[in-house]
Amino acid sequence: MSVSSACIEIPAQSAIALILRSGEVLRIVDGFGSQVADLALFALDDPSEGFSPGRTIDYHESLALAVGDVLYSNRSGELACVVEDTVGVHDMLLAPCSDLMFVRRGEVSHPSCHANLSSVLQPFGVLDDMVTSTLNVFMDVRISSQNRIKLHAPASTPGDRFAIMALRDLVIGVAACSSECTNAGHCKPIHYQVFRAAAPEVRNADAPLSSH
Ligand SMILES: [Zn+2]
């Protein structure tokens, strides 16, 4: 995948919003290693349509994503597809870290992905309550045999990459996750690139498993 655009840094514990036109690629690069990036995806022309982890998990019958997999919306629309992944471990289960999550831990006035994403997406018509579901790139959440979940340090090392190609015009919030325990104890910047690439092979889910 050839790229000419330079990497842009998102400072630690902050977020940016960008417009990704259909056919453009957003590549997330972990410049320092063990750093999560939360992606919040919405249709540019109607941000009430956004990324649905539940439908994506349902239609692919998997908690994991593979290159070629489609990211589906709350209306079962095709928002984007995965075109590059050098790690293979990401999360679609947990909501972005939030102010109240940190308050529950006894940490007040802590930066959060929810607040950072809400702030940068607000000019695009994305309301605070709409930032509920993110694709947590490089985040390692495992399920025990007792169905408990446990957070592990991201497996990403410096230079690891994950990229999606827009299948329609999108507005995307990208956060360098603000939670120390999610990022091996230390919150770091995350990097990204936007470029146009040749269309890859897209692997649609065969059919929805259920009608919910
Ligand atoms: Zn976070």
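Residue positions are given per chain, counting from 1 as you read along its sequence in written order. Only residues with pLDDT of 70 or above have their local features reported here, since the model is predicted, and side-chain atom pairs are shown and tallied only from 80 upward, although totals for entire chains, interfaces and linings are computed over all residues. Where side-chain values are given, they derive from all heavy atoms of the structure, hydrogens and water being excluded.

Visitor: I tried to follow the coordination of the zinc ion on my own but got confused; where do I start?
Guide: When four donors bind a metal tetrahedrally, each ideal donor-metal-donor angle is 109.5 degrees, and when six bind octahedrally, the ideal angles are 90 or 180 degrees. Ligating atoms shown are N, O and S within 2.8 Å of the metal, or 3.2 Å for Na, K and Ca, and water is not included, meaning a site may look less than complete. Surrounding the zinc ion are the protein donor atoms Cys 97 (SG), Cys 113 (SG) and Cys 177 (SG), which sit 2.3 Å from the metal. Counting along the primary sequence, the residues that act as donors to the zinc ion give the motif C-x15-C-x63-C. Here the residue Cys 97 occupies a position in the loop between strand S6 (78–85) and helix H2 (99–104), and Cys 177 occupies one in the loop between strand S11 (170–176) and strand S12 (190–196), the gap between them amounting to 80 residues. Each member of the pair, Cys 97 as well as Cys 177, is classed as buried. Numbering of helices and strands starts at the N terminus; helices are DSSP runs of H or I of at least 4 residues and strands are runs of E of at least 2. Only protein chains enter the accessibility calculation, which uses a 1.4 Å probe. A residue is then buried if its area is under 20% of the maximum for its type, exposed if over 50%, and partly exposed in between.

Visitor: Help me understand helix H1 (residues 53–60) in this model?
Guide: Each turn of an α-helix holds 3.6 residues, which means side chains three or four residues apart point in the same direction. Counting buried positions along H1 gives six out of eight residues, so the element sits mostly inside the fold. Inspection of H1 places Pro 53, Thr 56, Ile 57, Asp 58, Tyr 59 and His 60 among the buried residues, and these make up the whole buried set. The positive-phi residue at the C-terminal boundary of H1 is Glu 61, with phi of around 55°.

Visitor: How do you make sense of the sheet that holds strand S2 (residues 15–20) when you look at a structure like this?
Guide: Backbone hydrogen bonds hold the strands of a sheet together, and the pairing may be parallel or antiparallel. Spatial ordering of the open sheet is given by S2-S11-S4-S7, a layout of four strands whose pairing is antiparallel. Edge positions in the open sheet fall to S2 and strand S7 (135–137), since each of these has one partner strand only. Put simply, the sheet's adjacent strands are angled 25° from each other on average, direction ignored. Two strands qualify as a pair provided DSSP detects at least 2 bridges between them. Across three bridges, the pairing between strand S4 (residues 37–43) and S7 is antiparallel. Following the sheet pairing, Asp 38 is matched in S7 by Asn 136. The sheet contacts of helix H3 (residues 113–121) involve S2, S4 and S11, and relative to S11 the element is tilted by about 145°. Interaxial angles span 0 to 180 degrees and are taken between N-to-C directions of axes, which are lines fitted to C-alpha atoms, for helices over the stretch in contact. Note on contacts: a residue pair qualifies if any of its non-hydrogen atoms lie within 4.5 Å across the two residues.

Visitor: Is there a simple way to explain the pairing of S4 in this structure?
Guide: Every regular strand shows the same layout, with side chains that alternate between the two sheet faces. With respect to burial, S4 is a largely interior element, seven of its seven residues being buried. Every second residue of S4 is oriented toward a common face, with Ala 37, Leu 39, Leu 41 and Ala 43 on one face and Asp 38, Ala 40 and Phe 42 on the other, all of them buried.

Visitor: How do you make sense of the environment of Phe 32 when you look at a structure like this?
Guide: Inspection of the secondary structure puts Phe 32 in the loop between strand S3 (24–30) and S4. With 124 residues separating them along the chain, Phe 32 and Ser 156 place their C-alpha atoms 8.7 Å apart. If near-sequence neighbours (up to four positions away) are discounted, Phe 32 is found in contact with Glu 9, Pro 158, Lys 188, Pro 189 and His 191.

Visitor: Honestly, the packing of aromatic side chains in this entry has me stumped. Any pointers?
Guide: Centre-to-centre distance and the angle between the planes together describe a pair of aromatic rings. Stacked, edge-to-face and tilted are the three classes for Phe, Tyr and Trp ring pairs, Trp counted by its six-membered ring, which pair at centre distances within 6.5 Å; planes under 30 degrees apart are stacked, over 60 edge-to-face, the rest tilted. For the coordinates displayed, the defined rule picks out one aromatic pair. Both rings, one in Tyr 59 and one in Tyr 72, keep their centres 5.0 Å apart while their planes meet at 80°; by these two values the pair is edge-to-face. Here Tyr 59, found in helix H1, pairs with Tyr 72, found in strand S5 (residues 70–72); they are 13 residues apart in sequence, far enough to count as distant. The two residues Tyr 59 and Tyr 72 agree in class, both being buried.

Visitor: Honestly, a nonpolar patch on the surface in this entry has me stumped. Any pointers?
Guide: Patch membership requires more than 30% relative accessible area and the absence of a salt bridge. Residues of like charge join within 9 Å; the nonpolar side chains Val, Leu, Ile, Met, Phe, Trp and Tyr join within 5 Å. Calculation of accessible area relied on Shrake-Rupley with a 1.4 Å probe; when residues are assessed, cover is drawn exclusively from the protein chains displayed. The term salt bridge refers to a side-chain nitrogen of Lys or Arg lying within 4 Å of a carboxyl oxygen of Asp or Glu. Side chains of Leu 63, Leu 93, Ile 143 and Ile 149 sit close together on the surface and give an oily, nonpolar patch of about 360 Å² of accessible area. Here Ile 143 shows up in strand S8 (residues 140–143). The exposure class assigned to Ile 143 is partly exposed, which follows from its relative accessible area of 45%.

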